[in-house]
Amino acid sequence: MSKIRWGLLSTANINRRLIPVIRESARGELVAMASRSQEAAQAYADKWDIPQAFGSYEAMLASDAIDAVYIGLPNHLHAEWSIKAMRQGKHVMCEKPFALTLAEVDEMTAVSQQTGCYLAEAFMYRHHPQTKIVGELVQNGRLGRVTLVRGIFNFAFNNRENIRLQPELGGGCLWDVGVYPLSLAQYIFGGPPQQAAGHQWVGESRVDELFSGQMQYANGGVAQISSSFCTPWYTYAEILGTEGRLTLNRPFVALNDGQRKLMFYPKEGEPEEIAVPEKELYLGEVEDLHAAVLDGRSPYLTFAETRNHIKTVLALYKSAQTGQVISL
Ligand SMILES: NC(=O)c1ccc[n+]([C@@H]2O[C@H](COP(=O)([O-])OP(=O)(O)OC[C@H]3O[C@@H](n4cnc5c(N)ncnc54)[C@H](OP(=O)(O)O)[C@@H]3O)[C@@H](O)[C@H]2O)c1
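Since the structure is predicted, the reported quantities are computational estimates derived from the model, not experimental observations.

Asks: I tried to follow the pairing of strand β10 (residues 222–228) on my own but got confused; where do I start?
Replies: Walk down a regular strand and you will see the side chains alternate between the two sheet faces. Buried residues dominate β10, accounting for six of its seven residues. Two elements, strand β7 (residues 146–154) and β10, share seven bridges in a ladder whose sense is parallel. By the bridge assignment, I152 is partnered in β10 with S226. The sheet contact formed by strand β9 (residues 208–216) and β10 spans seven bridges and is antiparallel. Looking at β10, one finds that F211 is bridged to S227.

Okay, here's the thing in structure tokens:
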């Protein structure tokens, strides 16, 4: 096998980000898509010039025309369809959040290990050069001891039918975008927090439309994260240490839009803008699957990291519901 033949599971809006990068990648080709109806599948395949259209997810998974699937389903379906795909021998890139319970995470991990299929949470920003540079600066001690990671990801939308506002589908802003600063904090501190405390505002939708969380890590460092569906698009992160601070104005959407700026403010001396090589935001996760399947490389994101994301989200929700600080 020299190329991975991809299939898209559903007509999800997010597919539009993956389609060009699969095509742009050196070792991937987009050969099929599936929707819950043949008409929708065919219309989508025609629009995006995809060779094969399946009228059910099962039919595409049973086909030997594909090697890997991209799962952009609503959150409550991530575990079910990742498992079904791997049971059919397909490699899986599953959107964040990976799953909604730890039992689901553990079952998905076990099925990946039993079948030998690649499975990873599609946290595209973790593969971007900017995120890797930030990790190296922290590892190399440039910031000294990291004391605080702050991150925010907000946006607002008009369509109240959106999957993100449906509790039954795993909606809520912490699950949807709060997970980005949460995962950044875990990446910087090198593991899950020891304690988590959260506050939320639950709207008429019955999901959290505003969530703010604070976590403390083993070295005493603290993370403060927030997410919202109530305010216009805004994202930002900063990492503070005893020797200086880093600011990221595009931490999770490090798009090549000319606006991205990674700044280092040392304890003494002039601020420095740190150069970040350009790379298509969604390409790294696609290349990671290719390297794992074709070259036998380990996936960049580990199951332990993913499990800790979910464990921390669940602790934050429990804290917000009970008013207690939760020990992990
Ligand atoms: N990494 C990122 O940058 C990023 C960005 C956006 C979203 N996401 C993630 O991607 C996933 C999808 O988000 P999206 O906004 O693209 O979703 P979306 O446009 O609402 O699409 C979800 C698709 O799932 C299928 N589906 C199956 N059962 C469904 C049900 N009960 N209700 C609704 N849809 C159902 C539908 O496809 P068919 O009708 O064709 O079967 C639908 O088009 C989420 O997990 C989200 O967190 C990630």
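So, next bit.
Asks: Sorry if this is basic, but what is going on with the sheet that holds strand β15 (residues 326–327) here?
Replies: Within a beta sheet, neighbouring strands are joined by backbone hydrogen bonds and run either parallel or antiparallel to one another. Spatially, β14-β13-β12-β11-β7-β10-β9-β8-β15 is the arrangement adopted by the nine strands of the open sheet, whose pairing is mixed. Of all strands in the sheet, those with a lone pairing partner are β14 (272–273) and β15, marking the two edges. Two strands pair when backbone bridges link them, and strand β8 (residues 195–202) and β15 are joined in this way by two bridges, in the antiparallel orientation. Bridged to A196 within β15 is I326. Strands in contact with helix α6 (residues 129–139) are β7, β11 (234–241), β12 (244–248) and β13 (262–266); relative to β12, the strand with the most contacts, it is inclined by about 170°. Against the sheet, helix α9 (residues 303–322) contacts β8, β9, β10 and β15, and its axis sits at roughly 60° relative to β8.

Asks: Which parts of the structure should I look at to understand the nonpolar core?
Replies: Nonpolar side chains tend to gather and get buried jointly when the protein is soluble and globular. By size, the foremost hydrophobic cluster in this structure holds 105 residues, and its most contacted members are W6, L8, V149, Y180, I188, I239 and L246. The element contributing the most residues to this core is helix α7 (residues 173–189), with twelve residues. Looking at this core, you find at least three residues from each of domain 1 (4–122) and domain 2 (126–282 + 310–327). Ignoring any residue separated from it by four or fewer positions in sequence, one finds V149 in contact with L184, A185, I188, F189, V222, A223, Q224, E238 and I239.

Asks: I keep staring at the side chain of S25 and nothing clicks. Help me out?
Replies: Note that S25 resides in the loop between α1 (15–24) and β2 (28–34). According to the relative accessible area criterion, S25 is buried, its value standing at 6%. Among the polar contacts listed, one links the side chain of S25 to the backbone nitrogen of G28, at a separation of 3.3 Å. For S25, the residues in contact, after removing those within four places along its chain, are L283, V286 and H290.

Asks: Sorry if this is basic, but what is going on with the domain arrangement of the protein here?
Replies: A common way to report how large an interface is uses the accessible area buried once the components associate. On domain assignment, one finds that the protein holds domain 1 (4–122) and domain 2 (126–282 + 310–327). The centre of domain 1, based on its C-alpha atoms, is set 27 Å off from the matching centre of domain 2. Contacts between domain 1 and domain 2 engage 17 residues on the former and 13 residues on the latter. Taken together, both faces of the contact between domain 1 and domain 2 bury some 1,300 Å²; the carbon and sulfur share is 69%.

Asks: Just to check I follow, could you spell out the pattern of salt bridges for this structure?
Replies: Two side chains bearing opposite charge may form a pair once their charged atoms approach each other closely. Under the definition given, this model contains 15 salt bridges. With its nearest N and O atoms 3.0 Å apart, the salt bridge here joins E209 to R160. With a gap of 49 residues between them, E209 in strand β9 and R160 in the loop between β7 and α7 connect regions that are remote in the sequence. Connected through shared salt-bridge partners, K96, R164 and D176 make up one network.

Asks: For this particular structure, what's the right way to read helix α2 (residues 38–48)?
Replies: For the α-helix, the turn length of 3.6 residues means that residues three or four positions removed from each other point alike. Turning to α2, its buried residues number three or more, namely A41, Y44 and A45. Down the axis, α2 shows its buried residues gathered within 100° of arc, on one side only. Facing away from the buried surface of α2 by more than 90 degrees, the exposed residues are E39, D46 and K47. Contacts from the buried residues of α2 go to β1 (4–9), α1, β2 and β3 (52–54).

Asks: Hey, could you run me through the packing of aromatic side chains in this one?
Replies: Aromatic ring pairs: the centre-centre distance and the angle between the two ring planes describe each pair. Applying the stated criterion to the full structure yields 16 aromatic pairs. With a centroid separation of 5.3 Å and 80° between ring planes, the pair formed by F123 and Y180 is classed as edge-to-face. A residue pair is termed long-range when its members are at least 10 positions apart, and F123 in the loop between β6 (119–122) and α6 and Y180 in helix α7 qualify at 57 residues. Just as F123 is buried, Y180 falls in that class too. Both rings, one in F157 and one in F229, keep their centres 5.1 Å apart while their planes meet at 65°; by these two values the pair is edge-to-face. Pair noted here: F157 is in the loop between β7 and α7 and F229 is in the loop between β10 and β11, with a separation of 72 residues, a long-range link. The pair formed by F157 and F229 is uniform in burial state, with each residue classed as buried. Site record: aromatic cluster; members linked through ring pairs are F123, Y125, F153, Y180 and F252. The side chain of K84 reaches across the aromatic face of W81, ending 4.2 Å from its centre. The ring of Y300 carries the charged tip of K132 above its face, separated from the ring centre by 4.4 Å.

Definitions and cut-offs
- Residues numbered from 1 in each chain as written.
- Predicted model: local features only at pLDDT ≥ 70, side-chain atom pairs only at ≥ 80, totals over all residues.
- Heavy atoms only, no water.
- Buried < 20%, exposed > 50% of the residue type's maximum accessible area, 1.4 Å probe, protein only.
- Helix = DSSP H or I, 4+ residues; strand = E, 2+ residues; numbered from the N terminus.
- Pairing = 2+ DSSP bridges.
- Contact = heavy atoms within 4.5 Å.
- Axes fitted to C-alpha atoms, helices over the stretch in contact; angles between N-to-C directions.
- Core = buried A, V, L, I, M, F, W, Y, C linked by side-chain atoms within 4.5 Å.
- Domains from an automatic or database assignment.
- Polar contact = N/O pair within 3.5 Å; in protein donor to acceptor, adjacent residues only side chain to side chain.
- Buried area = accessible area lost by both parts, 1.4 Å probe.
- Salt bridge = Lys/Arg side-chain N within 4 Å of Asp/Glu carboxyl O.
- Arc of directions from axis to C-beta.
- Phe/Tyr/Trp six-rings, centres within 6.5 Å; stacked < 30°, edge-to-face > 60°.
- Lys NZ or Arg CZ within 6 Å of the ring centre and 35° of its normal.

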